[in-house]
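Residues per chain are reported as follows:
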Number of protein chains: 2
Amino acid sequence: MVNTLIQPGDNPDITLERKKATFDIHQMGAFIHGGEHNLQRRKEILEFVESRPEFKDPIPPEFMTREDRVMNNGRKAVAMTDLADAIDGSDFFGEGIYYQGLIMGRDLHGMSLHYAMFFPTIQNQSDDEQLDNWLPLVVSRAIIGTYAQTELGHGTNLQKLETRATYDSKTKEFILHSPQITAAKWWPGGLGKTANHAIVMAQLYTQGKCFGPHPFFVQLRDLDTHMPMKGVKLGDIGPKLGINGSDNGFLLFDQYRIPRKNMFMRYAKVNEDGTYIAPKHSKLGFGAMVFVRSIMIKDQAMQLAAAATIAVRYSAVRRQGEPVTGAGEVQIIDYLTQRHRLLPQVARAYAFHFAACQTRDMYLKLTEDLNTGSTELLPEIHIISSGLKSIVSWETAQGIEQCRLGCGGHGYSQASAFPEIYAYAVGGCTYEGENLVMLLQVARALNKAAEGVISGSAKLADLCEYLGRKGNGKSSFTVISSATPQNIIHDFEHVARTQVFRAHELLKKNQSKMSNEEAWNRTSVEWAKAARMHVKLYLIKNFFNKVAEAVDSSIRHPLHELAMLYALDLIAAAGHEFLRNGFMIDSQLDSVRDGIYVLLEKLRPNCVALVDAFDLSDRELHSVLGRRDGNVYEHLIKWAQQSQLNQKEVLPTFDKYFKPMMLNARANL
Amino acid sequence: MVNTLIQPGDNPDITLERKKATFDIHQMGAFIHGGEHNLQRRKEILEFVESRPEFKDPIPPEFMTREDRVMNNGRKAVAMTDLADAIDGSDFFGEGIYYQGLIMGRDLHGMSLHYAMFFPTIQNQSDDEQLDNWLPLVVSRAIIGTYAQTELGHGTNLQKLETRATYDSKTKEFILHSPQITAAKWWPGGLGKTANHAIVMAQLYTQGKCFGPHPFFVQLRDLDTHMPMKGVKLGDIGPKLGINGSDNGFLLFDQYRIPRKNMFMRYAKVNEDGTYIAPKHSKLGFGAMVFVRSIMIKDQAMQLAAAATIAVRYSAVRRQGEPVTGAGEVQIIDYLTQRHRLLPQVARAYAFHFAACQTRDMYLKLTEDLNTGSTELLPEIHIISSGLKSIVSWETAQGIEQCRLGCGGHGYSQASAFPEIYAYAVGGCTYEGENLVMLLQVARALNKAAEGVISGSAKLADLCEYLGRKGNGKSSFTVISSATPQNIIHDFEHVARTQVFRAHELLKKNQSKMSNEEAWNRTSVEWAKAARMHVKLYLIKNFFNKVAEAVDSSIRHPLHELAMLYALDLIAAAGHEFLRNGFMIDSQLDSVRDGIYVLLEKLRPNCVALVDAFDLSDRELHSVLGRRDGNVYEHLIKWAQQSQLNQKEVLPTFDKYFKPMMLNARANL
């Protein structure tokens, strides 16, 4: 099969793998990325970025100090926004995150939140006058803003934020104040050293009463000197697991005064005399959250795709062990245990990417509906996007680690890129809503749906429709060769439904013995399980639906095998739920496991092509192990030579510590 | 209950937790650490280390550059060995790793392998003359050595190492040579910049024949200038996921000559004329491997204990969410999901620590037996130590991440210490034998045992004895309150045995259709499963045995609950294996899950005390979140103020990039 990645001088093992494939990676790539046009645009944007000297790193970031990294990212952030005409700015889901990723790698920069949060909040929360005042400053980059909500002592529970904005009707100002250390704003990107403005969420006090958290437009630093304003204390929060090119910051106010007009007034208002005017309808901004999550899920999927690409390519060129003495060492991808480790990660990356695309489409549909006043889809989409964020970020993180461990010692080196991929991606389990909290939100919705079904009043939307059906009580699974998507989805529906009603029943039972809150708490582990099953069912359905869209059988077949692998892997992992009430019997579950082994054989010739098709360039992968050309070893040495420690042949440690120690010992021998 | 950790000024939430406990943490600490004497020694060694200015870091290592870190660790390594009389050097399992950990934190240093590998290899492999020549140099630290075995292209499969040592009988020298890039030695600690000597494993060629890998004593750098010897090229391999204070190195030889006498001659020999003399009996050094693994397992257990301590303490002082409006925010440890996340990690830390102690005892018994010429125990102990290394390192890594994720955003900060704990501990999945390779070694032994049982010729040692028994085919588990260790072990034995024989049968079936090697490959995933069950069974048995040794019921009770939690958690995770053939029915497995929830309630008052009892000082924890006093928030701010980025109020990025951008925008508004 033609594979456009094959070039002279490549490692022959990887070339052979590419020739063995049964499909055209270009065609698969177009399918993955939503068409030939998008694939072409990826190429053009890559070429543009590679062509501009502004986007070159002086040395790879992994050899830089944190200070140099922040400096380098600041430089690139300005250039990136200077040159943003190279992309279609309206397509952030496609071109935007791709362009940013090519330039920033797996890191953020001081202006990340200027675009991700400051800009959209000003658009959505300003009244007309405010918009006229502020939007030009933001768009033109005359100021740099961030978004300060989370506090040192307060994250998920917004109602308990401590930062206060107290209205003083005498001066017509708000006084921003952090009553104690736990009120310090903590985490906002760019807050530490870059931003000179922020949107600050603070408890609004006026006329002696608290009206809850509201957003304010706040200048933090002098525009010319960049020194903090009097009454403002701020700085960097220190190094993190990853994303250390970003200056996440803290912020404390000491009776800091801002004009009344700096309260965002599109919805709630405070009049000059201090009268609070409540918003007519609370705009919850679910739509924006769905969009942010679709981007997160896509980003996660691509990180997992990168990890899988690196691990699979390396496993094709790494030879180790000689099962048949004298026959030579084998490619490690030939070990069943290695494919069992890696191929499910490839399948997940496909599944998650397709789910991200679907979430984006749901968001677009939702926006259309909202324009016509229909909000019917909103709760359901909000819920599935919360659930997906949770499942995808966690399984991505786990999958990346499996890929890393599958590369042995070299996976532990930063040359592999796995350390930065993991550190970057696993943050997704925590930001934008802690995963377990997210799952319990899904669970609340499922509980409501279950109650609706039981009381006969259910109005179930598409994604919960299966809760209202009764399946037949037996799985029809026999062997992989006769398994159909419909049957597998049916089985998964049965199991998800069973767990939802099981949790519901347990909750009812607990409620009869204790308070509702405590009953929910005692049932929460079972509810989290139910939420996971609900989301996984969605992922499977969506994967199979997507496969059915593939017109050409040469790409549909391997996609179908991947989707099957994804599904069977999930069934095997939740085996005991499938055995419950005799829904499956032992031999069926054994067949599921056999089916996995069969698929791992069938997928063997397409391993490399399936990851090649993600269309991840060496620039994006940023990994010596995952190089397109498979020439890993010589480049590991070249990479190592750039190590900070290799810039001098003899380190100062020798003269200072080790030489005196050894001389002393020799003198006393 | 008295808790010696309570002090005035502590966070009241954590003090209250300590008062709620039902046992004395000092008594539990003595039980964990093998007696009052050891607990006292921990205190003395800590006080000694804290008292010496040599062991102070100028700033916390997380704020240092890599160069500064290597420098600082070099300094401390010399001081640490200068002052080693403070500890009982013969007790490396106890005092040695504790002392090193207190000084080095979660990092290594240029001399780590001097002690861990160079020294013992010289002791074991030298003939008498060599020992006289070399040992004094090593002991006195007149030279610094490392151990160079792994190559860029070769890890697990030692037979395929490429570095050559070719004997030249004319000059009576060996010529060390790296025939190609894949032959580069890669990874040895201290090789990059610190060591001036190494033991090098190389293929021995003499009289035109290859005799396989042998060890050589090789000088790498000039003693006075520290410059590489001519024909030697070496350097640092670059930054890694963790352990970046250590200069792991690479090494290439270009026709580098060393005297014949630098081949280690205790076993194999090469005469002056080049005649190779094979060793009389190949000394495999299994004993030393068992010892190294017992230390690894203990180290892993203590890293998990540290992670659990941090997460549990933080969960006691972190308040978030208000399930009952107006009742105030609750401690997050009160959420069942949080305890479900964390307490199994506490239980694992106990289980792994007790397993490490047991492995050390087996090693001591083994050494005694070997002295009397008995090698009966050897294979069995070697196998279980391989299996434990694999299971413990993987579950430790997973457990640490659960603890980190349980701390939300703050867990992602390096202030939490989780990033360094994870990076350090997860290396254990790869070094000293890749985990899956280790499990398949266990599997080979289990397969042999299974064959023995079937053919009636089994001579089963203690740890495999259950394979020869027939249990009754039903689990007797009903509810947690009536469950006994014996019953639970019985159930686990049944399931482990079933999986071993299942894999054995599958192997036989495959062997009838394909080559033995391919049959093994196709069965390997099932065999890895069997090996895991075998090791987990051992961990459960050992935990319960250890609990039975606790005389005082006030500590035995919570230990028993932890052991039960550990066991039920493992059963729930392998649920479908327990349902196989109706060994358990659905309702029994539901009872297992209920049992877990019951235990999570019962253990609630002892959460903090159970981690306090690990006796980990703030110095060892090195975590703002895990502080003994619970005063987390003010110290997070103090910690952040040390950030590299906070050393200047305005970074150069402002004048260089952001100011021009903003000025330009303002000029054009």
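In every chain, residue numbers begin from 1 and rise along the written sequence. Each chain takes a letter, starting from A, and each ligand takes a number, starting from 1, following the order in which they are written. The predicted origin of the model limits local features to residues at a pLDDT of at least 70 and limits the giving and counting of side-chain atom pairs to 80 or more, whereas totals for whole chains, interfaces and linings rest on all residues. As a rule here, side-chain values come from all non-hydrogen atoms in the structure, and water together with hydrogens is ignored.

Note the following rule: UniProt positions are given in the numbering used here, feature names are shortened, and annotations may be inferred rather than shown by experiment.
For chain A, an unreviewed UniProt entry supplies the name Acyl-coenzyme A oxidase and the organism Mesorhabditis belari. The record in UniProt for chain A states the following under Cofactor (unreviewed entry): "FAD". Under the heading Sequence similarities (unreviewed entry), UniProt records this for chain A: "Belongs to the acyl-CoA oxidase family."

1. Structural notes on the sheet that holds strand S4 (residues 185-186) of chain B
Residues and elements named next belong to chain B. How we decide: When DSSP finds at least two bridges between two strands, those strands are taken to pair. Think of it this way: any DSSP run of H or I at least four residues long counts as a helix, any run of E at least two long counts as a strand, and we number them from the N terminus.
The three strands lie next to each other as S4-S8-S7, forming an open sheet whose pairing is antiparallel. Single-partner strands in this sheet number two, and they are S4 and strand S7 (232-236). Direction of pairing for S4 relative to strand S8 (residues 249-253): antiparallel, over a ladder of two bridges. Bridge pairing in S8 links Trp-186 to Phe-250.

2. Some words on the UniProt feature "active site" (unreviewed entry) in chain A
All names here are of chain A. Short version of the rule: Burial status follows relative accessibility: with a 1.4 Å probe on protein chains alone, a residue under 20% of its type maximum counts as buried, one over 50% as exposed, and anything between as partly exposed. Pairs of residues are marked as contacts when any of their non-hydrogen atoms sit within 4.5 Å.
Under the local residue numbering, the UniProt record ascribes the feature "active site" (unreviewed entry) to Glu-432. Tracing the chain through its elements places Glu-432 in the loop between helix H12 (418-426) and helix H13 (435-455). Given the relative accessible area of 34%, Glu-432 is considered partly exposed. Excluding its chain neighbours within four sequence positions, the residues that come into contact with Glu-432 are Val-292, Arg-293, Met-296, Lys-389 and Met-438.

3. Comments concerning helix H18 (residues 586-602) of chain B
Condition: Helix span, expected: 1.5 Å multiplied by one less than the number of residues in the helix.
Compared with an ideal rise of 1.5 Å per residue, which puts 17 residues at 24 Å, H18(B) spans 24 Å between its outermost C-alpha atoms and is within 8% of the ideal. Most of H18(B) is tucked away, with 12 of its 17 residues classed as buried. Burial in H18(B) covers these residues: Asp586(B), Gln588(B), Leu589(B), Asp590(B), Ser591(B), Val592(B), Arg593(B), Gly595(B), Ile596(B), Tyr597(B), Leu599(B) and Leu600(B). Its buried side turned inward, H18(B) meets helix H14 (485-511), helix H15 (516-548) and helix H17 (575-579) of chain A together with helix H9 (336-371), helix H16 (553-573) and helix H17 (575-579) of chain B.

4. With respect to the interface of chain A and chain B
For clarity, the threshold we go by: The quantity reported as buried area is the accessible area (1.4 Å probe) lost by two parts once they are put together, taken as the sum for both. Salt bridges are identified by distance alone: a Lys or Arg side-chain nitrogen within 4 Å of an Asp or Glu carboxyl oxygen.
With 141 residues of chain A at the interface, the matching set in chain B holds 141 residues. For the pair chain A and chain B, the summed buried area comes to about 12000 Å², and 63% of that belongs to carbon and sulfur atoms. Our count for the contact surface shared by chain A and chain B stands at 18 salt bridges. A salt bridge links Glu577(B) to Arg593(A); the shortest N-O distance between them is 2.9 Å. Ranked by the residues each element gives to the side of chain A that touches chain B, the list is headed by helix H22 (residues 652-667) of chain A, at 11 residues.

5. A short note on the UniProt feature "binding site: FAD" (unreviewed entry) in chain A
Residues and elements named next belong to chain A. The UniProt record annotates "binding site: FAD" (unreviewed entry) at Thr-150 and Gly-189. In three dimensions, the annotated residues from a span of 40 residues occupy one location, with a maximal C-alpha spread of 11.3 Å. Mapping Thr-150 onto the fold places it in the loop between strand S1 (145-148) and strand S2 (164-168). Using a relative accessible area of 31% as the deciding quantity, one classes Thr-150 as partly exposed. Among residues more than four places away in sequence, those in contact with Thr-150 are Gly-155, Ala-184, Lys-185, Trp-186 and Trp-187.

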